[in-house]
Amino acid sequence: MASGLFRLIAGLGRELIVSYTFGSFTLLILFSNCGFVLSRDEVKKWWIWAYWISPMMYGQNAVAVNEFLGKSWSQVLPSSSETMGVAVLKSRKFFTDAYWYWIGVVALIGFTLIFNLSYAAALTYLNPFVTHQHVKSESQSTDLDDDSGEANQSSSQGSIKEADAKVTDQRKRGMVLPFEQFSITFDEIKYSVNMPQAMKEQGVTDDKLVLLREVSGSFRPGVLTAIMGVSGAGKTTMMDVLAGRKTGGYIEGNIKISGYPKKQETFARISGYCEQNDIHSPHVTIYESLVYSAWLRLPQEVNKETKKMFIEEVMELVELSSLKGIIVGLPGVNGLSTEQRKRLTIAVELVANPSIIFMDEPTSGLDARSAAIVMRTVRNTVDTGRTVVCTIHQPSIDIFEAFDELLLLKRGGQEIYVGPLGRQSCHLIKYFQGIEGVSQIKDGYNPATWMLEVTTPGQEMVLGIDFADLYKDSELYRRNKALIKQYSSPAPGSKDLHFPTQYSQSFISQCMACLWKQHLSYWRNPQYTAMRMFFTTVTALMFGSMYWDLGSKRGKQQDIINAMGSMYTAVLFLGVQNAGAVQPVVAVERTVFYRERAAGMYSAFPYAFAQVTIEVPYIFQQALTYGVIVYSMIGFEWNAIKFFWYIFFMYSTLFYFTLYGMMTLAVTPNYLIASIVSSAFYAIWNLFTGFIVPQKMIPVWWRWYYWMCPVAWTLYGLIVSQFGDVDDMLDVGITVDEYLRSYLGYKHEFLGVVAAVMVAFPVVFALVFAISIKLFNFQSR
């Protein structure tokens, strides 16, 4: 039944956070009216309909009847003709007829069928909330508006070459911010990882698996270099090694930056890396993304006006000026198209004013027109005098023609061609056609495709040659070695790269920049912030109407239990909803964090500070809204101090639940695993709240966990602050405060300690979140 119910909610919600919110809302209604928190005779008449439609009510009555009408409970009480089991059922206002077992079974089967059929109908008739919104850029609308295939091809072929004329002026005048040109040389690079266990089981005896074998070359300013090879040849591996993005494995060989040994801390400041996945914060605009990157990566001495001019110039360079106010959005869902996101990825790196840029598959997943636009952007970047290196997979003729040099790898990570392409790839064709047995390229055939076809392992076997050995015996190899030697020596009068600090900006500036972006991300994410407030308001109104005026009743023992039940249910449902809703939001931002930290934008603690701090005002608004509504409707004592304590405990609770959700995400690979891990603790916390089993009745060997359970401290604080000083007489012959001490173990004088612990829980969860974000990286490369 529950699976069908939540499947239906997912089908109706159609969006993760919306579905999660309404799922929690539905569970709240069903749970609050199932006869457990409030017995059947205490459910308000305006809520009795929810009691009769709650599947949990039918299941609970069926289980209760099945148990308490059994032989174990058949002893007849001496003072009554009823059995012990019937007396228990009546005390909790459960039904006492045996046929309720079968009513429960039939009802649950019926609910299961209804929910699953409704889910099928929702899938059939409901459309997504959002549609794919790809904004047409000016370059697409003016240069590439012909829809015919022939026009597409001719347009894409000409568009890259048109860039030459466009950048002539830029090349002459330079850019607003000057940059120092750097070359990168690498000699005999070898990269290996520990041998996978699966390969060891197949009989491989080596301890290490070599992915790159003695690769050498040089990348120079103003030269666009392509790294190519068949799948598995090591293209991205090669780029990650050179860029310093590898998080594991063993690297051997020499890498130098303009003649000086490469140091990753300083190299990150003068280099950029455009990842293939185009990872960006979804709720900021293009212009804000660039401002944020420039803020954190440009030197402190660059003033605000110069930064603004430079950002405008970069947007013009990558042809994004007309789209500056567009929200980035989520890939494949809304916002920018794939091609526009590629250009934004390049722009985000360019505003850091790097000297060396790595691009991983910049044309991956794009059609001919989109790829031409992106390559035009890449070509514009190279023509500013920067060193640009791209991995590329099966490019078209015109895209391949845009490159100046090629580093070609074969499977196993060995180089078989490192050198210039020439006009219409003449140098490349001449080299391979000079090898005996290699078939000639046909007129009009793509040189990139031909090159990969004639260098396959199958061709090597047919020809009886090894292309890697042939390359090492060639004049081309000796030319590259000479270039490496030339660029591996520092220029006269030059100095090694040095920066006084690891990051461009101070710790405070990093915190402010991260908080600024988080503010924009939260403000423009109504699915998260607005739905959470909606859920809180509706929950408050529900609880207020369910427990109407119960807070003013202090004559019966059950009145105190009812008031405690309202607090127990609200804390668990609101808290768990907060923790669950924040996890997918933080998961998206954590992915962006990995990229930004690798780029040297900031350390882990400013990000954690911003992620935690931005929740403060939203949670305060949430706690205040809930507190004012519930406090007045339930009828708790209108006392300023007691009202303050109620708001304080609700705020602290919602805060630590939200931080707990962040913390579990930080220590797990994704939010799905995080939700499973956190849910396991919710069940344990529920048992030790002190409501289901009072503290004094918990076995002594488990009582230690009661004092570790955050929800137990919340209930302690809420109950004691409201009733701990009340001396009204109860129907059981003792005062309210005596009842709290004797039955629940709550002491009013302990309130200060409870408040201190309620402050400690958010602090501890926030620290664990920050430390986990710093230490754990679930995007291993």
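Residues numbered from 1 in each chain as written. Predicted model: local features only at pLDDT ≥ 70, side-chain atom pairs only at ≥ 80, totals over all residues. Heavy atoms only, no water.

Student: Would you mind going over the sheet that holds strand 8 (residues 387-391) with me for this structure?
Tutor: In sheet architecture, strand pairing relies on hydrogen bonds along the backbone and comes in two forms, parallel and antiparallel. Taken together, the 6 strands give an open sheet; going across it, the order is 6-7-8-3-9-10, and neighbouring strands pair in mixed fashion. The two strands at the open ends of the sheet, each matched to only one other strand, are strand 6 (271-274) and strand 10 (414-420). Here the average twist between neighbouring strands, direction ignored, is 15°. The pairing of strand 7 (residues 356-360) with strand 8 spans 5 bridges and is classified as parallel. Residue Asp360 lies in a different strand from strand 8, and its bridge partner there is Thr391. Against the sheet, helix 14 (residues 338-350) makes contact with strand 6 and strand 7, and its axis sits at roughly 165° relative to strand 6, the strand it touches most. Of the strands in this sheet, strand 3 (224-229) and strand 9 (405-410) touch helix 18 (residues 447-454), which is tilted by about 40° from strand 3. (Pairing = 2+ DSSP bridges. Helix = DSSP H or I, 4+ residues; strand = E, 2+ residues; numbered from the N terminus. Axes fitted to C-alpha atoms, helices over the stretch in contact; angles between N-to-C directions. Contact = heavy atoms within 4.5 Å.)

Student: I'm lost on unusual backbone geometry in this one. Help?
Tutor: Trans peptide bonds make up the majority, and among non-glycine residues the majority have a negative phi. With a phi angle near 50°, Ser258 is a residue other than glycine that sits in the positive phi range. Relative to the elements of secondary structure, Ser258 occurs in the loop between strand 4 (250-257) and strand 5 (260-261). Phi at Glu361 is positive, roughly 50°, even though this residue is not glycine. Assignment of secondary structure puts Glu361 in the loop between strand 7 and helix 15 (368-382).

Student: What's the story with the side chain of Thr185 in this structure? I'm lost.
Tutor: Summarising the element assignment, Thr185 is placed in strand 1 (residues 184-194). A polar atom in the side chain of Thr185 sits 3.2 Å from the side chain of Ser488. Ignoring anything within four residues of it in the chain, the contact list for Thr185 reads Gly217, Ser218, Asn254, Ile255, Lys256, Ile484, Tyr487 and Ser488. (Polar contact = N/O pair within 3.5 Å; in protein donor to acceptor, adjacent residues only side chain to side chain.)

Student: How should the UniProt feature "domain: ABC transporter" (unreviewed entry) in the chain be read in this particular structure?
Tutor: Summarizing the sequence annotation, UniProt attributes the feature "domain: ABC transporter" (unreviewed entry) to residues 193-436 in the numbering used throughout. Counting secondary structure, residues 193-436 comes out at 36% helix and 23% strand; the distance between its end C-alpha atoms is 36 Å. (UniProt positions renumbered as here; feature names shortened; annotations may be inferred.)

Student: Looking at this model, I keep getting lost on the packing of aromatic side chains. Mind explaining?
Tutor: The description of two aromatic rings rests on the distance between their centres and on the angle between their planes. One pass over the structure, following the stated rule, counts 68 aromatic pairs. Taken together, a centroid distance of 5.5 Å and an interplanar angle of 85° make the contact between Trp704 and Tyr705 edge-to-face. Under the relative-accessibility criterion, Tyr705 is labelled buried at 10%. Through a chain of ring-to-ring contacts, the aromatic side chains of Tyr656, Phe657, Tyr660, Phe681, Tyr682, Trp685, Phe761 and Phe765 assemble into a single cluster. Positioned over the ring face of Tyr287 is Lys324, at 4.7 Å from the centre of the ring. (Phe/Tyr/Trp six-rings, centres within 6.5 Å; stacked < 30°, edge-to-face > 60°. Buried < 20%, exposed > 50% of the residue type's maximum accessible area, 1.4 Å probe, protein only. Lys NZ or Arg CZ within 6 Å of the ring centre and 35° of its normal.)

Student: Looking at this structure, I do not really get the UniProt feature "transmembrane region" (unreviewed entry) in the chain. What am I missing?
Tutor: The UniProt record annotates "transmembrane region" (unreviewed entry) at residues 17-38, 99-126, 530-548, 618-636, 643-665, 671-692, 704-723 and 750-776. Measuring from the first to the last C-alpha atom of residues 99-126 gives 40 Å, for a span that is 93% helix and 0% strand. What you have in residues 671-692 is 77% helix and 0% strand, and the ends, taken at the C-alpha atoms, are 29 Å apart.

Student: Got a minute to help me understand the packing of helix 25 (residues 604-613) against helix 26 (residues 615-634) in this structure?
Tutor: How two helices sit against one another is set out by the angle between their axes and by the gap between those axes. Direction vectors running N to C along helix 25 and helix 26 enclose 15°, while the axes themselves pass 5 Å from each other. In terms of their interaxial angle, helix 25 and helix 26 are classed as roughly parallel. Between helix 25 and helix 26, the residues in contact are Gln611, Val612 and Thr613 and Glu615, Val616 and Pro617, respectively. Per-class residue counts for the contact of helix 25 with helix 26 are 3 nonpolar, 2 polar and 1 charged. (Parallel < 35°, antiparallel > 145°, perpendicular 65-115°, else oblique. Nonpolar A, V, L, I, M, F, W, Y, C, P; charged D, E, K, R; others polar.)

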